[in-house]
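Reading the structure
As a plain string of letters, each chain reads:
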Amino acid sequence: MKMRIEDCLSMTIDPNLPLEDSGISKAIDTPAPKSAGRSRLFLVPLFMLTLFTGAVIGMYFQPPGLRVFFNATGLQPGAGTETPIAVAIQQVEKQEQVAVVSEGDVVALGRIIPLGDVISVATPSGAGDARIAEIRVSRGDVVAAGDVLAVLDNLPQLQSIATSAKANLGVREANLAQTRASILASQAEAKATLERAETTANAASADLTRMTSLLERGVTTRAEFDETVARANEAGRDVERAIATLSRYATGSDTVQADIAVAEANLEAARADLARATQDLERAYVRAPVQGTVLDINARAGERPPSSGVVDLGDTSQMTVEVEVYQTLIGRVTIGDPVTVTARALSQELGGTVTAIGLEIGRQSITSDNPAANTDARVVDVIVTLDAPSSELARNFTNLEALVRIDAGRPE
């Protein structure tokens, strides 16, 4: 009969007795059952499976205890590998990391901008050293093309020049009217002078006829006859002179055309001066070149307009994303590819499609705040047009840096 180990331990052993007589040697020499050894071997893979499952669950869910451990030690999940798959996509900031996050998609940095980018509205050409006199818009105002955004302090001076040019135009118009009236009056006067000269000439001719008859009959003297002839000749010359004077004012004559041409030329010059003064008057106004929303105001009343522009304007009715894709990955991007845009400031992901691909490779301009990041990468600009709901969500986030994932759809 076999003795159990518990019975052996409970027994009182006499140190004077031999080990064989105590019965313990029998119990120790008894072999353990084979089924117990198999159960212990089964625990090894079960233990490994449990460790692996716990590691996956911890990496996926990152429970509070695990996060406390990482925060305390300064470690990051997956940071020890070249492809940190366990790092959240929002935490990927360097272009080198972005390029290797996904093999099927193209991931790059971008910035949210209005359709056509932001327009920095500058002062009109020729404004000189004028200062800001008045700002007529506020941030968030929607303006139409041609609306006045700001007024410069050179407005009174330009208005004075325009008023003077308008007055000069009135003088030139009056001068032209006066010239035409003077020509008509001179023409009437010349016509009256001709009529009077013709009457005098007719009377002198009649006197000459009568004096000729009297001279033939010997009734008058030769001296009186010669005097009558002289008066008749002078009257004839007066008629010729009156005819010549009247011809100067006839329609189509060189004299009349010259006088009117000079007056009309002066009038056209005055009109040109007024047009130029009116055009110069626009130098006092900063107008919106297109319809859009006022994003920012860069100057205040009394300040000199900055070189960066007085007002930043953008068409926020349709938002887009300017994406800088590595030159080595641009071959995988095509027009119409679906796009997902994420950023920490956004409450949800944005959706859109690729609508334009740049034709020139340039230097990277969108960089993270990491001082060790590569800032001289060669990239191609890609424009992503957001869908209507995403555009509405992004309209207040102009120039926000975002992470863009392009579903390329085909391998490189």
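Look up a bit, the structure's there.
For every chain, the first residue of the written sequence is number 1, and numbering continues from 1 along that sequence. Given that the model is predicted, a residue must reach a pLDDT of at least 70 before its local features are reported, and side-chain atom pairs must reach 80 or more before they are shown or counted; all residues, however, enter totals for whole chains, interfaces and linings. Side-chain descriptors were evaluated using all non-hydrogen atoms of the structure, hydrogens and water having been removed beforehand.

Even without being a glycine, Asp117 presents a positive backbone phi close to 70°. For Asp117, the location among the structural elements is in strand 1 (residues 106-121). Classification of residues uses two cut-offs on accessible area relative to the type maximum, computed with a 1.4 Å probe and protein chains only: under 20% is buried, over 50% is exposed, and between them is partly exposed. Overall, the relative accessible area of 27% leaves Asp117 in the partly exposed class. At Asn399, a residue that is not glycine, the phi angle is positive and equals roughly 70°. Going along the chain from the N terminus, every DSSP run of H or I of four or more residues is numbered as a helix, and every run of E of two or more is numbered as a strand.

Glancing now at the environment of Leu176. Residue position: Leu176 is located in helix 7 (residues 155-217). A relative accessible area of 7% means that Leu176 is categorised as buried. With 85 residues separating them along the chain, Leu176 and Ala261 place their C-alpha atoms 9.0 Å apart.

All right, on to the packing of aromatic side chains then. Here the aromatic set is Phe, Tyr and Trp, taking the six-membered ring for Trp, and pairing holds for ring centres within 6.5 Å; pairs whose planes are under 30 degrees apart are stacked, those over 60 apart are edge-to-face, and all others are tilted. On inspection of all chains with the given rule, the structure shows 0 aromatic pairs. Ring-over charges, as used throughout, are those where CZ of Arg or NZ of Lys falls within 6 Å of the ring centre and within 35 degrees of the ring normal. The ring centre of Tyr285 lies 5.2 Å from the NZ or CZ of Arg287, which sits over that ring.

Looking now at helix 8 (residues 222-248). Here helix 8 spans 40 Å end to end across 27 residues, near enough to the 39 Å set by a 1.5 Å rise per residue. Every buried residue of helix 8 is accounted for by Phe225, Thr228, Ala232, Ala235, Val239 and Ala242. Buried residues belonging to helix 8 abut helix 7. Here the expected length of a helix is defined as 1.5 Å per residue gap, with one fewer gap than residues. By definition, residues are in contact when any of their heavy atoms lie within 4.5 Å.

Further remarks concern the pattern of salt bridges. The salt bridge definition used is simple: a Lys or Arg side-chain nitrogen within 4 Å of an Asp or Glu carboxyl oxygen. Under the defined criterion, the tally for this structure stands at 15 salt bridges. Put simply, Arg283 and Asp280 hold a salt bridge, and the shortest N to O gap is 3.4 Å. The partner of Arg287 in a salt bridge is Glu282, with the nearest N and O atoms 2.6 Å apart. Residues joined in a network through salt bridges with shared partners are Arg111, Asp117 and Glu322.

Our focus in this paragraph is the packing of helix 7 against helix 8. With axes taken as lines fitted to C-alpha atoms, and helix axes fitted only over the stretch in contact, angles between N-to-C directions fall between 0 and 180 degrees. Where helix 7 meets helix 8, the closest approach of the two axes is 8 Å, and the angle between their N-to-C directions is 160°. The angle between the axes of helix 7 and helix 8 places the two elements in the roughly antiparallel class. As helix 7 packs across helix 8, the resulting crossing turns out to be left-handed. Residue type decides the class: Asp, Glu, Lys and Arg count as charged, Ala, Val, Leu, Ile, Met, Phe, Trp, Tyr, Cys and Pro as nonpolar, and the leftover types, Gly among them, as polar. Broken down by class, the residue content of the contact of helix 7 with helix 8 amounts to 16 nonpolar, 8 polar and 7 charged. Angles are sorted into four bins: roughly parallel if under 35 degrees, roughly antiparallel if over 145, roughly perpendicular if 65 to 115, and oblique for all others. By convention, the crossing between two helices is left-handed when the near helix turns anticlockwise from the far helix through less than a right angle, and right-handed when the turn is clockwise.

Here 3 strands make up an open sheet; going across it, the order is 2-4-5 and the pairing antiparallel. Edge strands, defined here as strands with exactly one partner in the open sheet, are strand 2 (132-135) and strand 5 (285-287). Going across the sheet, the axis of each strand differs from the next one's by a mean of 25°, ignoring polarity. Sheet analysis places strand 2 next to strand 4 (residues 148-152), joined by 3 bridges and oriented antiparallel. Within strand 4, the position partnered with Glu134 by the bridge is Val151. Here, any two strands with at least 2 DSSP bridges between them count as paired.

Glancing now at the pairing of strand 6 (residues 292-297). Bridging between strand 3 (residues 142-143) and strand 6 involves 2 bridges; their strand directions are antiparallel. The partner of Val143 across the bridge, within strand 6, is Gly292.

As used in this record, nonpolar core signifies buried Ala, Val, Leu, Ile, Met, Phe, Trp, Tyr and Cys residues forming a set joined through side-chain atoms within 4.5 Å. Counting residues in each nonpolar core, the largest one holds 29 residues, and the members touching the most others are Ile112, Val321, Val323, Val325, Val333, Val341 and Ile406. When near neighbours in sequence (up to four residues on either side) are disregarded, Ile112 contacts Met319, Thr320, Val321, Leu346, Leu350, Ala394, Phe397, Thr398, Asn399 and Leu400. Core analysis: the second largest hydrophobic core is formed by 17 residues, Val121, Ala130, Val286 and Val311 among them.

Here we take up the environment of Asn154. Within the element layout of this structure, Asn154 appears in the loop between strand 4 and helix 7. When the C-alpha positions of Asn154 and Ala127 are compared, they lie 7.9 Å apart, and in sequence the two are 27 residues distant. When near neighbours in sequence (up to four residues on either side) are disregarded, Asn154 contacts Ala127, Ala130, Arg283 and Ala284.

Time to look at a nonpolar patch on the surface. Surface patches are drawn from residues lacking salt bridges whose relative accessible area is over 30%; two like charges belong together within 9 Å, two nonpolar side chains (Val, Leu, Ile, Met, Phe, Trp, Tyr) within 5 Å. Values of accessible area rely on a 1.4 Å probe in the Shrake-Rupley scheme; residue burial ignores everything except the protein chains shown. There is a patch of nonpolar side chains on the surface, built from Leu43, Leu46, Leu49, Phe52 and Val56 and spanning about 490 Å² of accessible area. With respect to the element layout, Phe52 can be found in helix 4 (residues 34-61).

Its location among the elements puts Glu322 in strand 7 (residues 311-326). Of the residues examined, Glu322 reaches a relative accessible area of 13% and is grouped as buried. Sequence-distant contacts of Glu322, defined by excluding residues within four places in its chain, comprise Leu109, Gly110, Arg111, Ile113, Ile366, Asp381, Val382 and Ile383.

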